[in-house]
Amino acid sequence: QLWVAETDGPVLSSPVIMDDKVYVGASDGKFRALNIKDGSAVWTRDDVKGFVECRPFIDREQVVFGTWENRMYSLDPQTGRLQWEWKREKGSRMYSPAACNPVKACGKIFFAAPDRKVYALDAKTGKQLKTFEGGREAIGVSQDGMTVYAKSMHNRAYAIDAETMEKKWEVPTGLGYDISPTDLAESDELLYLPTDKGNIITFDAKTGNRVWAHKISLALVNPLLIVKEKDVTKILVSCMDGAVALLELQ
C-alpha cells in the first residue's frame, strides 16, 4: 500500500487518473483531486450538493460529474473552479443524472437519467441543447468521438450523431426489460451492450444490426475491458455474482 486518503463519507465513485492526479467524488459533499504520488489533496471542492456515484468524465478542459441532487457539475481540472452547474428543475431527486458515467463528444456532454431521457449539454456553458426519449443510466461513445450510444429500459438501443444530434439508427435489443447502468462500449465498429442478466450483445455500430450474443452468468455485467493482442480482440468481463470471463473474438 502506497498511501491512503481519508474522506468524510463513503466513496462510491470510481476514480479517474490524468496528469499525475486522481480525480474522485464521494458522499461527503466533496470532489477531490489528489496527488497520485502520496494521496495529498491538490484541491478540494467542498460545496457539491448530493453524493457522487458516477465515474467522472475528464479531459484537459473540464471534469464533469452528476450527483444525487439533480445536478451536473463541470470543474476546472487544474484548480477545481466551478465552470458551470446544470440542475434538473422538476421531479424527485431519484431522477438525478447520478449513476450514468457522462461522455463528451463534439463539444457536448451527454448523459442518461432515470427519467428515461438522454440529455445533451453544451460542454462550455452547461446549456441544455436537446433531450432524447429512451434512456436510463447507460450510455457510451464511439472510438472516433462522433457517435453516442444509448439504450432504453424496454428493448431499444439507438445511436446519436454527436454533431447534428440526430438519431442514426434505433433497433430492438431483444433484452426486454433491462436496467443495467453499465457503459455501452464500441470497438472496431462493434457495439457491445452489457445487460443486467449476464449477457453481452453486440451490434454493428454503423447499422444497428445484431451480430452475436454471449451469456456469462445470471447477474449484471460490469464495465468491459476490450484489448487487442496481435490483431486478436479479447474481452475481459466480470459480473456481480462473481463470475469472471475472458472472451476471444473470432
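Structural notes, computed from the coordinates. Treat the numbers as computed from the prediction; the structure is a model and nothing was measured.

### Looking at the overall build of the chain
(1) Moving on: On a plain count of helices and strands, the chain comes out with zero helices and 23 strands.
(2) Moving on: Its C-alpha atoms give the chain a radius of gyration of 18 Å, within 12% of the compact-globule value 18 Å for 250 residues.
(3) Moving on: When each of the 250 residues of the chain is scored for burial, the buried share is 52%.
(4) Moving on: Surface accessibility of the chain: about 12,000 Å² in total, with carbon and sulfur atoms responsible for 49%.
(5) Moving on: For the chain, the distance from the average position of its 33 positive side-chain charges to the average position of its 35 negative side-chain charges is 4 Å.

### Looking at the side chain of Thr173
(1) Moving on: Within the secondary structure, Thr173 is located in strand β16 (residues 167-177).
(2) Moving on: Polar side-chain contacts of Thr173 include one of 3.1 Å to the backbone nitrogen of Leu175.
(3) Moving on: In contact with Thr173, not counting residues within four places along its chain, are Asn155, Arg156, Ala157, Leu193, Ile201, Phe203 and Arg210.

### Some details on a nonpolar patch on the surface
(1) Moving on: Taken together, Leu225, Val227, Leu236, Val244 and Leu246 make up a surface patch of nonpolar side chains, about 440 Å² in accessible area.
(2) Moving on: If you list the elements that add at least two residues to the nonpolar patch, you get β21 (225-229) and β23 (244-248).
(3) Moving on: Its location among the elements puts Val227 in strand β21.
(4) Moving on: Relative accessible area serves as the criterion here: at 32%, Val227 is assigned to the partly exposed category.

### Thoughts on the pairing of strand β7 (residues 71-75)
(1) Moving on: Of all five residues in β7, five are buried; the element is thus mostly enclosed.
(2) Moving on: Neither face of β7 is open: one carries Arg71, Tyr73 and Leu75, the other Met72 and Ser74, and all of them are buried.
(3) Moving on: As paired elements, strand β6 (residues 63-67) and β7 share five bridges and run antiparallel to each other. Among the inter-strand pairings, Val64 is bridged to a residue of β7, identified as Ser74.
(4) Moving on: The turn joining β6 and β7, which pair antiparallel and follow one another in sequence, is formed by three residues; a positive phi near 60° is taken by Asn70.
(5) Moving on: Sheet analysis places β7 next to strand β8 (residues 82-87), joined by five bridges and oriented antiparallel. Paired with Ser74 across the strands is Trp84, a residue of β8.
(6) Moving on: Counting the residues between successive antiparallel strands, the hairpin from β7 to β8 contains six residues, one of them, Gly80, with a positive phi of roughly 85°.

### Some thoughts on the nonpolar core
(1) Moving on: Formed by 26 residues in total, the largest nonpolar core has its most connected members in Phe110, Phe111, Val118 and Val148.
(2) Moving on: Mapped onto this core, the elements with two or more residues apiece are β8, β9 (103-105), β10 (108-113), β11 (117-122), β14 (147-151) and β15 (154-161).
(3) Moving on: In terms of residue count, β10 provides more of this core than any other element does, five residues in total.
(4) Moving on: Listed in part, the 14 residues of the second largest apolar core include Met18, Tyr23, Phe31 and Ile58.

### Things to note about the packing of aromatic side chains
(1) Moving on: Under the counting rule described, the total for this entry stands at ten aromatic pairs.
(2) Moving on: Taken together, a centroid distance of 4.3 Å and an interplanar angle of 5° make the contact between Phe31 and Phe65 stacked. You can see Phe31 sitting in strand β3 (residues 31-35) and its partner Phe65 sitting in strand β6, a full 34 residues away along the chain.
(3) Moving on: In this structure Phe31 comes out as buried when scored by relative accessible area, which is 0%.
(4) Moving on: With relative accessibility at 0%, the residue Phe65 sits in the buried group.
(5) Moving on: Seen in terms of ring centroids, Trp86 and Tyr119 are 5.3 Å apart; in terms of plane orientation they differ by 65°. Their pairing is edge-to-face. Here Tyr119 lies in strand β11 and Trp86 lies in strand β8, a separation of 33 residues in the sequence.
(6) Moving on: Take Tyr119: its relative accessible area is 6%, and that puts it in the buried class.

Parameters at a glance
Residues numbered from 1 in each chain as written. Predicted model: local features only at pLDDT ≥ 70, side-chain atom pairs only at ≥ 80, totals over all residues. Heavy atoms only, no water. Helix = DSSP H or I, 4+ residues; strand = E, 2+ residues; numbered from the N terminus. Rg over C-alpha atoms; globule rule 2.2 N^0.38 Å. Buried < 20%, exposed > 50% of the residue type's maximum accessible area, 1.4 Å probe, protein only. Areas by Shrake-Rupley, 256 points an atom, 1.4 Å probe, with all protein chains shown as cover. Lys, Arg positive; Asp, Glu negative; His and termini not counted. Charge placed at Lys NZ, Arg CZ, Asp CG, Glu CD. Polar contact = N/O pair within 3.5 Å; in protein donor to acceptor, adjacent residues only side chain to side chain. Contact = heavy atoms within 4.5 Å. Patch = residues over 30% accessible without salt bridge, like charges linked within 9 Å, V, L, I, M, F, W, Y side chains within 5 Å. Salt bridge = Lys/Arg side-chain N within 4 Å of Asp/Glu carboxyl O. Pairing = 2+ DSSP bridges. Core = buried A, V, L, I, M, F, W, Y, C linked by side-chain atoms within 4.5 Å. Phe/Tyr/Trp six-rings, centres within 6.5 Å; stacked < 30°, edge-to-face > 60°.

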